[in-house]
Amino acid sequence: MTVMEQRGAYRPTPPPAWQPRTDPAPLLPDEVPYRVLGTDAAAEADPELLRRLYGELVRGRRYNTQATALTKQGRLAVYPSSTGQEACQVAAALVLEERDWLFPSYRDTLAAVARGLDPVQALGLLRGDWHSGYDPRERRIAPLCTPLATQLPHAVGLAHAARLQGDDVVALALVGDGGTSEGDFHEALNFAAVWQAPVVFLVQNNGFAISVPLAKQTAAPSLAHKAVGYGMPGRLVDGNDAAAVHQVLGEAVAHARAGGGPTLVEAVTYRMEAHTNADDDKRYRADSEVEAWRAHDPIALLEHTLTERGLLDDAGIQAAREDAEAMAADLRERMNQDPALDPMDLFGHVYDQPTTQLLEQEAQLRAELAAQEQHHESEGAPR
């Protein structure tokens with residue numbers, strides 16, 4: 001039966017339920033990425049915050065170069081460098097309160113370190129160590145997430161649960177532009193907006209999903225515009241401007257904490273290195289493109305503003321570099337030590353209450369290890 005054949009009067013227009021639930025205009029992002037550095041707003045930026053951001057950026061760049069070197073030495077299986085994106089990750093870490101939660105992707109080791117995680121523990125997953133390398137509850141940092149965008153629904157669930165319990169908690173979830181093409185991204189944004197969950201989504205648009213440019217993923221005016229379709233504000237920010245990213249994220253976190261619901265922030269940045277050490281980025285982008293972005297390096301941008309305002313001199317620059325080098329030396333020394341691994345760790349932290357099958361497997365492995373130990377002792381062979 002068609003609409004025209006249905007009984008009753010035919011309505012030439014839909015019933016009132018079709019009307020927009022919210023005015024879309026306030027949700028739209030700016031036409032161009034928001035900036036602080038190089039504008040009049042830079043003069044109003046907090047000097048202490050700028051200096052702290054600078055120190056963390058320098059440390060972060062050195063962390064990236066050292067971790068990349070560790071992959072070449074066989075100490076890491078893989079490392080997805082965030083060189084060029086440090087401003088996004090540092091700002092994301094510093095904008096949160098201690099009670100808040102950070103949900104990183106696999107490229108966001110720097111954000112975890114800037115939030116206070118041990119630099120060696122942050123590499124646990126990429127090294128192949130046990131259970132992501134750290135206790136998520138200690139620093140309120142979810143495990144580094146290798147599957148694209150699956151951390152986003154987790155962030156929404158935690159934020160929603162915290163609000164139901166009356167906890168003053170905000171979740172900040174990081175994802176790359178490639179992750180916005182995953183179903184988890186859309187499901188997370190929809191649930192977050194419907195529930196008005198206190199969560200902030202930070203999309204680091206670094207230009208490529210491995211080798212796929214953004215133009216081949218979406219035809220939207222910007223990734224920030226996608227927010228409107230779910231009923232949340234979208235913000236567009238220069239991802240290499242640490243002060244701007246910190247300000248925009250700070251406003252989004254405050255908005256969420258006050259009960260205003262979620263925000264989608266797109267930070268326009270660039271991945272200076274290859275996707276990982278297993279990628280050949282010269283096959284899909286030109287050196288001239290990379291060099292053009294070097295002129296918009298996040299460290300150089302902030303360093304220029306600090307020196308121009310008289311907030312940083314040569315001694316301060318050298319001190320920041322020496323601090324970063326000390327961190328890298330400590331990381332290098334500890335990563336060059338072979339970890340002491342316990343096979344029984346396979347069964348820890350899997351379930352709060354181990355299942356019958358897990359207990360059986362644990363007992364079987366324990367028996368096999370004991371038999372192996374007894375064999376070595378009887379043979380007098382080195383273990």
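As shown above, the structure is provided for reference.
On a predicted model such as this, the values are computed, not experimentally measured, just so you know.

**Topic: the nonpolar core**
Reasoning step 1: Core analysis: the biggest nonpolar cluster contains 63 residues, and Tyr54, Leu123, Leu172, Val200, Leu249 and Leu302 have the highest contact counts within it.
Reasoning step 2: Residue contributions to this core peak at nine residues, all from helix α8 (residues 242-257).
Reasoning step 3: Sequence-distant contacts of Leu249, that is, excluding residues within four places in its chain, are made with Ala91, Ala92, Val95, Leu172, Val200, Leu202 and Val265.
Reasoning step 4: Counting 27 residues, the second largest nonpolar core, distinct from the first, contains Leu152, Val156, Ala162 and Ala193.

**Structural notes on the packing of helix α1 (residues 47-72) against helix α10 (residues 298-308)**
Reasoning step 1: Here α1 crosses α10 at 150°, and the two axes come no closer than 10 Å. In terms of orientation, α1 and α10 fall into the roughly antiparallel class. Relative to α10, α1 is oriented so that their crossing is left-handed. Of the residues in α10, those in contact with Leu50, Arg51, Leu53, Tyr54, Leu57, Val58 and Arg61 of α1 are Pro298, Ile299, Leu302, Glu303 and Leu306.
Reasoning step 2: Split into classes, the residues belonging to the contact of α1 with α10 amount to nine nonpolar, no polar and three charged.

**Some thoughts on the environment of Glu273**
Reasoning step 1: Assignment of secondary structure puts Glu273 in the loop between β7 (263-268) and α9 (287-294).
Reasoning step 2: Taking the relative accessible area as the measure of exposure, Glu273 reaches 35% and is therefore partly exposed.
Reasoning step 3: Between the alpha carbons of Glu273 and Ser81 there is a distance of 6.5 Å; along the sequence they are 192 residues apart.
Reasoning step 4: When neighbours within four sequence positions are excluded, Glu273 is seen to be in contact with Ser81, Thr83, Asp281 and Arg285.

**Points about unusual backbone geometry**
Reasoning step 1: In the Ramachandran plot, Gln196 falls in the positive-phi region, its phi being about 55° despite a non-glycine side chain.
Reasoning step 2: Position of Gln196 relative to the elements: it lies in the loop between α7 (183-195) and β3 (199-205).

**Quick notes on the packing of aromatic side chains**
Reasoning step 1: Applying the stated criterion across every chain yields a total of five aromatic pairs.
Reasoning step 2: One aromatic cluster is present, formed by Phe208, Tyr270, Tyr284 and Trp293 through successive ring pairs.

**Focus on the pattern of salt bridges**
Reasoning step 1: Applying the stated rule across the entire model yields 19 salt bridges.
Reasoning step 2: With a closest N to O distance of 3.0 Å, Arg61 and Asp297 form a salt bridge. Note that Arg61 is positioned in helix α1 and Asp297 in the loop between α9 and α10, a separation of 236 residues in sequence. The exposure classification of Arg61 matches that of Asp297, with both residues buried.
Reasoning step 3: A salt bridge links Arg294 to Glu291; the shortest N-O distance between them is 3.0 Å. Within this pair, Arg294 and its partner Glu291 are both found in helix α9, separated by three residues, close to a single helical turn.
Reasoning step 4: The structure contains a network of salt bridges with shared partners spanning Arg99, Asp100, Asp168 and Arg257.

**Quick look at helix α11 (residues 314-335)**
Reasoning step 1: For α11, with 22 residues, the first-to-last C-alpha span of 31 Å sits near the 32 Å given by 1.5 Å per residue.
Reasoning step 2: Every buried residue of α11 is listed here: Ile317, Ala320, Ala324, Met327, Ala328, Leu331 and Met335. For α11, the arc enclosing every buried residue in end-on projection is 100°, short of the 170-degree limit, so these residues lie on one face. Exposed positions of α11 whose direction lies more than 90 degrees from the buried face are Asp314, Ala315 and Glu333.
Reasoning step 3: Among the structural elements, α1, α4 (124-127) and α10 are those in contact with the buried residues of α11.
Reasoning step 4: Where α11 begins, the side chain of Asp313 points an oxygen toward the backbone nitrogen of Ala315, at a separation of 3.2 Å.

**Points about a nonpolar patch on the surface**
Reasoning step 1: A cluster of nonpolar side chains, contributed by Phe191, Val194 and Trp195, occupies part of the molecular surface with about 300 Å² of accessible area.
Reasoning step 2: Checked against the element boundaries, Phe191 lands in helix α7.
Reasoning step 3: On the basis of relative accessibility, which here comes to 43%, the residue Phe191 falls in the partly exposed class.

**Considerations on the sheet that holds β3**
Sheets are built from strands that pair by backbone hydrogen bonding, the pairs being arranged parallel or antiparallel.
Reasoning step 1: With parallel pairing, five strands are arranged side by side in an open sheet as β1-β2-β3-β7-β6. Each edge of the open sheet carries a strand with a single partner, namely β1 (101-103) and β6 (234-238). Direction aside, neighbouring strands of the sheet carry axes that sit 20° apart on average.
Reasoning step 2: When β1 meets strand β2 (residues 171-176), the two strands line up parallel, connected through three bridges. When the sheet's bridge partners are listed, Leu102 is paired in β2 with Leu172.

**Overview of empty space enclosed by the protein**
Reasoning step 1: Tallying each qualifying case throughout the model produces two cavities of 30 Å³ or more.
Reasoning step 2: For the largest cavity, the calculated volume is near 40 Å³.
Reasoning step 3: Along its surface, the largest cavity is lined by Glu56, Arg59, Gly60, Tyr63, Leu110, Val113, Ala114 and Met327.
Reasoning step 4: Elements with a minimum of two residues in the lining of the largest cavity: α1 and α3 (109-114).
Reasoning step 5: Here the residues of the lining of the largest cavity are counted per class, giving five nonpolar, one polar and two charged.
Reasoning step 6: The computed volume of the second largest cavity comes to approximately 30 Å³.
Reasoning step 7: As for the second largest cavity, its lining consists of Gly84, Asn240, Met272, Trp293, Arg294, Asp297 and Pro298.
Reasoning step 8: Residue classes in the lining of the second largest cavity are distributed as three nonpolar, two polar and two charged.

Cut-offs and rules
- Residues numbered from 1 in each chain as written.
- Predicted model: local features only at pLDDT ≥ 70, side-chain atom pairs only at ≥ 80, totals over all residues.
- Heavy atoms only, no water.
- Core = buried A, V, L, I, M, F, W, Y, C linked by side-chain atoms within 4.5 Å.
- Buried < 20%, exposed > 50% of the residue type's maximum accessible area, 1.4 Å probe, protein only.
- Helix = DSSP H or I, 4+ residues; strand = E, 2+ residues; numbered from the N terminus.
- Contact = heavy atoms within 4.5 Å.
- Axes fitted to C-alpha atoms, helices over the stretch in contact; angles between N-to-C directions.
- Parallel < 35°, antiparallel > 145°, perpendicular 65-115°, else oblique.
- Left-handed = near helix turned anticlockwise from the far one by under 90°.
- Nonpolar A, V, L, I, M, F, W, Y, C, P; charged D, E, K, R; others polar.
- Phe/Tyr/Trp six-rings, centres within 6.5 Å; stacked < 30°, edge-to-face > 60°.
- Salt bridge = Lys/Arg side-chain N within 4 Å of Asp/Glu carboxyl O.
- Expected span 1.5 Å × (residues − 1).
- Arc of directions from axis to C-beta.
- Polar contact = N/O pair within 3.5 Å; in protein donor to acceptor, adjacent residues only side chain to side chain.
- Patch = residues over 30% accessible without salt bridge, like charges linked within 9 Å, V, L, I, M, F, W, Y side chains within 5 Å.
- Areas by Shrake-Rupley, 256 points an atom, 1.4 Å probe, with all protein chains shown as cover.
- Pairing = 2+ DSSP bridges.
- 1 Å grid on protein atoms, 1.4 Å probe; cavity = no way out; pocket = protein on both sides within 12 Å on 5 of 7 lines; lining within 4 Å.
- Points joined across faces, edges and corners; volume = space filled by probe spheres on them.

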